[in-house]
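Observations on the model geometry
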Amino acid sequence: AVKRLSRQCDVVIVVGSIIAQGLPAISAEFLFTAPRDGMRAGGIWPAIVGTFWLTIGTAIFSVPLGIAIAIYLSEYARDNNFTRLIRLAIINLAGIPSVVYGLFGLGLFVLALQFGSSILAGSLTLSIMTLPVIISTTEEALRSVPPSFRTVSISLGGTKWQTIRKVVLPNALPGMITGVILGLERAAGETAPILFTVAAFFLPQLPTSAFDKTMALPYHLFVISTQVP
């Protein structure tokens, strides 16, 4: 309990320090205008919009697929060597460095499938990177639902899918939402995957389609901290 309280105090101190030091720099111009003067002035609006669309695209591809795979592994798949191998592979994929996913996305989506450097290629790359987190956390949330809930539902005449949809999923929803948030949070903050697949140093206009390049906050921070005097 003491260690938990200490960690909470540390988090409060860090967040409070960030807010106290960063709040004076935030203004309407900073949030809603484009960079100018060689990225030395202006705002971050294009990067905010680009990050938003990348996160939405990642959610569209990864959340339904990740939840479906987790439901299959938790509720339908038999516990054998094959499923244990799949779970081990998912855990290992979650630990792969993000730059590897970026190179994979470059080779598959940008070059092989000829999507080019675009929001679509970036979203698909981030989706592959996010899937292991969503699958693992969702499966754990589903397994945390007591087996007696399933037994009672089936004994009352419910089918397997009705039990999952009306009993298991509602009870596992908080854990599933946590997993989705963690996965999308990682996707929104990664630099390496978007560096190879979608990110642009500067664009004079906002993206208008899924095949456009875009600015993004992680890459924007990387650029202004390393390349802008």
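Structure first, text after, so check above.
Below, the structure is looked at part by part. (Residues numbered from 1 in each chain as written. Predicted model: local features only at pLDDT ≥ 70, side-chain atom pairs only at ≥ 80, totals over all residues. Heavy atoms only, no water.)

**Points about the overall build of the chain**
Within the chain, the regular secondary structure consists of 10 helices and two strands. Reading the chain from its N terminus to its C terminus gives the helix and strand order α-α-β-β-α-α-α-α-α-α-α-α. For the C-alpha atoms alone, the extent of the chain along its principal axes is close to 70 × 50 × 30 Å. By residue count, 38% of the 229 residues in the chain fall in the buried class. For the chain, the proportion of contacts with a sequence separation of at least 24, taken over those separated by at least 6, is 71%. Surface exposure of the chain reaches about 13,100 Å², of which carbon and sulfur atoms provide 70%. (Helix = DSSP H or I, 4+ residues; strand = E, 2+ residues; numbered from the N terminus. Buried < 20%, exposed > 50% of the residue type's maximum accessible area, 1.4 Å probe, protein only. Contact = heavy atoms within 4.5 Å. Areas by Shrake-Rupley, 256 points an atom, 1.4 Å probe, with all protein chains shown as cover.)

**Focus: the side chain of Arg 87**
With respect to the helices, strands and loops of the structure, Arg 87 is situated in helix 4 (residues 81-94). When sequence neighbours within four positions are dropped, the list of residues in contact with Arg 87 reads Leu 73, Asp 79, Glu 139 and Arg 143.

**A look at the environment of Ile 135**
When you line up the elements, Ile 135 lands in helix 6 (residues 119-143). Along the primary structure Ile 135 and Ser 62 are separated by 73 residues, whereas in three dimensions their C-alpha atoms are 9.4 Å apart. With sequence-adjacent residues up to four places away left out, Ile 135 is seen in contact with Gly 66, Ile 69, Ala 70, Leu 73 and Ile 90.

**A closer look at the side chain of Thr 214**
Positionally, Thr 214 belongs in the loop between helix 9 (192-197) and helix 10 (217-226). Excluding residues within four positions of it along the chain, Thr 214 makes contact with Pro 46, Gly 50, Leu 54, Ile 119, Val 198, Ala 199, Ala 200, Leu 203 and Pro 207.

**A word on the packing of helix 7 (residues 147-155) against helix 8 (residues 160-189)**
Where helix 7 contacts helix 8, the axes come no closer than 10 Å and their chain directions differ by 155 degrees. One finds that helix 7 runs roughly antiparallel with respect to helix 8. In this structure, helix 7 meets helix 8 at a crossing whose hand is right-handed. When helix 7 is examined against helix 8, the residues Phe 149, Arg 150, Ser 153 and Ile 154 are found in contact with a partner set consisting of Thr 163, Val 167, Val 168 and Asn 171. Class assignment of the residues belonging to the contact of helix 7 with helix 8 gives a composition of four nonpolar, three polar and one charged. (Axes fitted to C-alpha atoms, helices over the stretch in contact; angles between N-to-C directions. Parallel < 35°, antiparallel > 145°, perpendicular 65-115°, else oblique. Left-handed = near helix turned anticlockwise from the far one by under 90°. Nonpolar A, V, L, I, M, F, W, Y, C, P; charged D, E, K, R; others polar.)

**As for a nonpolar patch on the surface**
A surface patch of nonpolar side chains, about 530 Å² in accessible area, is lined by Val 11, Val 15, Ile 19, Leu 23, Ile 26 and Phe 30. Take the nonpolar patch: its biggest share by element is three residues, from helix 1 (residues 2-22). Mapped onto the elements of the fold, Phe 30 is located in helix 2 (residues 28-32). The exposure class assigned to Phe 30 is partly exposed, which follows from its relative accessible area of 30%. (Patch = residues over 30% accessible without salt bridge, like charges linked within 9 Å, V, L, I, M, F, W, Y side chains within 5 Å. Salt bridge = Lys/Arg side-chain N within 4 Å of Asp/Glu carboxyl O.)

**Here we look at the pattern of salt bridges**
Per the counting criterion, the structure on display carries six salt bridges. Close ionic contact of Arg 150 with Glu 75 constitutes a salt bridge, the shortest N to O distance being 2.9 Å. Of the two residues, Arg 150 sits in helix 7 while Glu 75 sits in helix 3 (residues 45-76), which places them 75 residues apart along the sequence. Under the relative-accessibility criterion, Arg 150 is labelled buried at 15%. Look at Glu 75 and you get buried, because its relative accessible area is 9%. Here Arg 143 ties to Glu 139 by a salt bridge, and the two come within 3.2 Å at their closest N and O atoms. Of this pair, Arg 143 and Glu 139 are both found in helix 6, four residues apart, which corresponds to roughly one turn of the helix.

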